[in-house]
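Residues per chain are reported as follows:
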Amino acid sequence: MPQFIISRQMDFCYGHRLLNHGGKCRFLHGHNGRVKIFIRAATLNEDGMVMDFGQIRSSVEKWIDEELDHHTLLCRRDPLAQILMDAGEKIVLLDENPTAENIARLIFRKARELALPVVKVQVWETPKCCASYVD
């Protein structure tokens, strides 16, 4: 069955570190990340669109801007989490390591919670490295 897919790209900055990682990602560091959200529909709406791009901007992009941009994403078990929260830093706690894969899944689930018919989320940690979460 033919389907239509649209996507919207957005940028955000975040810090993180990976627990028990053997490389330099075990140290607190930051990224200029990029997110690309893919929305699918079997038919177009009365305006001839899958959905207005503004709907993505006003829902999940707004959430990313308010809840992830310029925040530090840490695993809930990270001993730095409480120290940074006590210091007034903006911290997002995940149940797992805040890898690009897990961040993609987090954003995917939030988009679904916001009633977007998302089918894929990509998170670009660097211009050359990307992880995707697909339904």
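As a reminder, the structure under discussion sits directly above these lines.
Because the structure is a prediction, the values reported are computed rather than measured.

(A) Region of interest: the nonpolar core. Grouped together as the largest cluster of nonpolar side chains are 29 residues, with contacts concentrated most on Val35, Ile37, Ile39, Ile64, Ile107 and Val121. When contributions to this core are tallied by element, the ones reaching two or more residues are strand 1 (4-16), strand 2 (29-41), helix 1 (53-67), strand 4 (91-94), helix 3 (100-113) and strand 5 (118-126). Counting residues per element, this core draws most heavily on helix 3, at six residues.

(B) Here's a closer look at helix 1. If you check helix 1, its first and last C-alpha atoms are 20 Å apart, about what 15 residues at 1.5 Å a residue would give, namely 21 Å. When the local axis directions of helix 1 are compared, the greatest deviation, roughly 35°, occurs at glutamate 61. Those residues of helix 1 lying buried are Gly54, Ile56, Ser59, Val60, Glu61, Trp63 and Ile64. Looking at the buried residues of helix 1, the elements they touch are strand 1, strand 2 and helix 3. Capping of helix 1 at its N-terminal end is provided by aspartate 52; its side-chain oxygen lies 2.6 Å from the backbone amide nitrogen of glycine 54.

(C) Summary view of the pattern of salt bridges. In this structure the tally under the stated criterion is eight salt bridges. With its nearest N and O atoms 2.6 Å apart, the salt bridge here joins arginine 8 to glutamate 61. Of the two residues, arginine 8 is situated in strand 1 and glutamate 61 in helix 1; the sequence distance between them amounts to 53 residues. For glutamate 61, a relative accessible area of 19% translates into the label buried. Between glutamate 96 and arginine 105 there is a salt bridge whose closest N-O contact spans 3.4 Å. Glutamate 96 gets classed as partly exposed once you look at its relative accessible area, which sits at 27%.

(D) Highlighting the packing of aromatic side chains. Counted under the stated rule, the structure contains two aromatic pairs. Residues phenylalanine 12 and tyrosine 14 carry aromatic rings whose centres are separated by 5.0 Å and whose planes lie at 20° to one another, so their mutual orientation is stacked. You'll find phenylalanine 12 and tyrosine 14 in the same group, each marked buried. With 5.0 Å between their ring centres and 65° between their planes, phenylalanine 108 and tyrosine 133 make a pair best called edge-to-face. Taken as a pair, phenylalanine 108 in helix 3 and tyrosine 133 in strand 6 (residues 129-134) lie far apart in primary sequence, 25 residues in all. The exposure class assigned to tyrosine 133 is partly exposed, which follows from its relative accessible area of 27%. Lysine 120 extends its terminal NZ or CZ atom over the ring of phenylalanine 38, reaching a point 5.0 Å from the ring centre.

Conventions we followed
- Residues numbered from 1 in each chain as written.
- Predicted model: local features only at pLDDT ≥ 70, side-chain atom pairs only at ≥ 80, totals over all residues.
- Heavy atoms only, no water.
- Core = buried A, V, L, I, M, F, W, Y, C linked by side-chain atoms within 4.5 Å.
- Buried < 20%, exposed > 50% of the residue type's maximum accessible area, 1.4 Å probe, protein only.
- Helix = DSSP H or I, 4+ residues; strand = E, 2+ residues; numbered from the N terminus.
- Expected span 1.5 Å × (residues − 1).
- Bend = angle between axes of the 7 residues up to and from the residue.
- Contact = heavy atoms within 4.5 Å.
- Polar contact = N/O pair within 3.5 Å; in protein donor to acceptor, adjacent residues only side chain to side chain.
- Salt bridge = Lys/Arg side-chain N within 4 Å of Asp/Glu carboxyl O.
- Phe/Tyr/Trp six-rings, centres within 6.5 Å; stacked < 30°, edge-to-face > 60°.
- Lys NZ or Arg CZ within 6 Å of the ring centre and 35° of its normal.

The quantities given are spatial measurements derived from coordinates; they are silent on function.
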